[in-house]
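Take a look at the letters that make up each chain.
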Amino acid sequence: MKARFLAAVLLALLAGPVASPAQAQDPTYDYRTGDPEMGAAIDAARASLPRFRADFHERRGERFVVKVAIPIKGADGREHIWMSLDAIEGDSFVGRLANEPQRLAPLVKGSPYRAASSMISDWGYRRGGRMYGNYTTRVMLKRIPAEQAEGLRKVLSPQP
């Protein structure tokens, strides 16, 4: 089983001027579900969701996003895709898909979506010119094009 992770939205939504038109094509990066580094990043992101919730409700940042693990219909797996966050209502994260899904038809980029906290595999927001959270992105840095990774390193906060 594979889990799919989409990274380009970090550049488009969070990094701002770092993104180029070529990077805005929403590349897909495949990771096996059992990838230990990615699994640890997801666990850390989930463990820190209470902090993210507090920062969202107190508006201690901007451009809040969550990565949602959406089941792929008719397949054994999930596509992990970024969602621009509009609200947190109890256990639900409410927003719009920020990437073009690869295997989630009829969903498309911009589709409204509501996800339970158990579906969240990462989170992020921007504050003071830095990107916070983005646990899975930090794992991807050594696996994405060097120019893209360097741009992200410049804006990622030292600690998630």
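Residues numbered from 1 in each chain as written. Predicted model: local features only at pLDDT ≥ 70, side-chain atom pairs only at ≥ 80, totals over all residues. Heavy atoms only, no water.

Here we take up the pairing of strand E4 (residues 78-89). Direction of pairing for strand E3 (residues 62-71) relative to E4: antiparallel, over a ladder of 7 bridges. If you follow isoleucine 70 over to E4, its bridge partner there is glutamate 79. In this antiparallel pair of consecutive strands, E3 and E4, the connection spans 6 residues, and glycine 74 shows a positive phi of 75°. Counting the residues in the hairpin turn of E4 and strand E5 (residues 92-97) gives 2 residues, including glycine 90, whose phi is positive at 65°. (Pairing = 2+ DSSP bridges. Helix = DSSP H or I, 4+ residues; strand = E, 2+ residues; numbered from the N terminus.)

Before going further, it helps to spend a moment on the pattern of salt bridges. Applying the stated criterion to the full structure yields 6 salt bridges. The partner of arginine 114 in a salt bridge is glutamate 89, with the nearest N and O atoms 2.8 Å apart. Here arginine 114 is found in strand E6 (residues 112-116), whereas its partner glutamate 89 is found in strand E4, with 25 residues between them in sequence. Bridged by salt links that share partners, the residues Glu37, Lys142 and Arg143 form one connected network. (Salt bridge = Lys/Arg side-chain N within 4 Å of Asp/Glu carboxyl O.)

Helical geometry note: an α-helix holds 3.6 residues per turn, so side chains three or four residues apart project in the same direction. All of the buried residues along helix H3 (residues 49-57) are Leu49, Phe52, Asp55 and Phe56. Viewed along the axis of H3, the buried residues span an arc of 120°, placing them on a single side of the element. Against the buried residues of H3 lie helix H2 (36-47), E3, E4, E5 and strand E7 (120-127). (Buried < 20%, exposed > 50% of the residue type's maximum accessible area, 1.4 Å probe, protein only. Arc of directions from axis to C-beta. Contact = heavy atoms within 4.5 Å.)

On their own, these measurements won't tell you what the molecule is for.
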